[in-house]
Amino acid sequence: MAEYERASHFRAGHLFDTQPVRRDLWRLLLVFLADREYARVTEHEFFADGWAQPLLGLSSDFADDEITRALLSSAIALRVIDDRDGDVLDRCEPCGELRVNIDAEEVEPLSLREACNKIVHAERVHFDVERLDGGPIEQIGISPTFIQPFVYLYGTHRRIQWRCVLDIVGYVRSAVAAL
């Protein structure tokens, strides 16, 4: 076997087309921004009896998986680019807030690089859910729900629990700028 070393004018590390990552980011943004309207479109099915609910289950069937796939694939790609090209993510706008210690009051801006780390290492992922009628979310079954463009990520680092609020619009904006 012969090892081939790329010419020095090529970038070191992984080379890949960023267009699929940008497409994933676009889809991620659309999932969050369209969910309220989707809830409105399916509202009559929410209250329907019987089997006349063809659109209602689509969101529950696909939204979580699509969000997870797009977040993970974009975060990994962005970290590869950052490691390869030298701290490009640190020059981007923050995209949320981070509480390094969940028991402490201090909150700091969530850098894009740290957002990518938290996405990859999250142990729990929660969505910001609201009811279409604006009522309390605890009364499930009263009105259709939709997700707001914020994701709450939880995990541990060196036995200390952390929490971050990822602003999806800010994440996509910064990620596209970094690509």
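For the structure, check the block above.
Residues numbered from 1 in each chain as written. Predicted model: local features only at pLDDT ≥ 70, side-chain atom pairs only at ≥ 80, totals over all residues. Heavy atoms only, no water.

This next bit is on the pairing of strand S1 (residues 96–99). Relative to strand S5 (residues 160–167), S1 is paired through four bridges, and the arrangement is antiparallel. Its bridge partner being in S5, Leu98 is matched across the sheet by Cys164. (Pairing = 2+ DSSP bridges. Helix = DSSP H or I, 4+ residues; strand = E, 2+ residues; numbered from the N terminus.)

One pass over the structure, following the stated rule, counts nine salt bridges. Taking the shortest distance from any N to any O, the salt bridge between Asp24 and Arg69 comes out at 3.1 Å. Remark: Arg69 occurs in helix H3 (residues 56–85) and Asp24 occurs in helix H1 (residues 19–41); sequence separation between them is 45 residues. In this structure Asp24 comes out as buried when scored by relative accessible area, which is 10%. A relative accessible area of 33% places Arg69 in the partly exposed class. Here Lys118 ties to Glu114 by a salt bridge, and the two come within 3.1 Å at their closest N and O atoms. Taken together, the residues span about one helical turn, with Lys118 and Glu114 both in helix H4 (residues 112–121) at a distance of four residues. (Salt bridge = Lys/Arg side-chain N within 4 Å of Asp/Glu carboxyl O. Buried < 20%, exposed > 50% of the residue type's maximum accessible area, 1.4 Å probe, protein only.)

If you trace the five strands from one edge of the open sheet to the other, you get S2-S1-S5-S4-S3, paired in antiparallel fashion. The sheet is open, and its two edges are formed by strand S2 (108–109) and strand S3 (124–131), each paired on a single side. Contacting S3 and strand S4 (145–157), H1 crosses the sheet at an angle of about 135 degrees to S4. In this fold H4 packs onto S1, S4 and S5, with an angle of close to 115 degrees to the strand it touches most, S5. (Contact = heavy atoms within 4.5 Å. Axes fitted to C-alpha atoms, helices over the stretch in contact; angles between N-to-C directions.)

As far as function goes, none of this settles anything; it's purely spatial.
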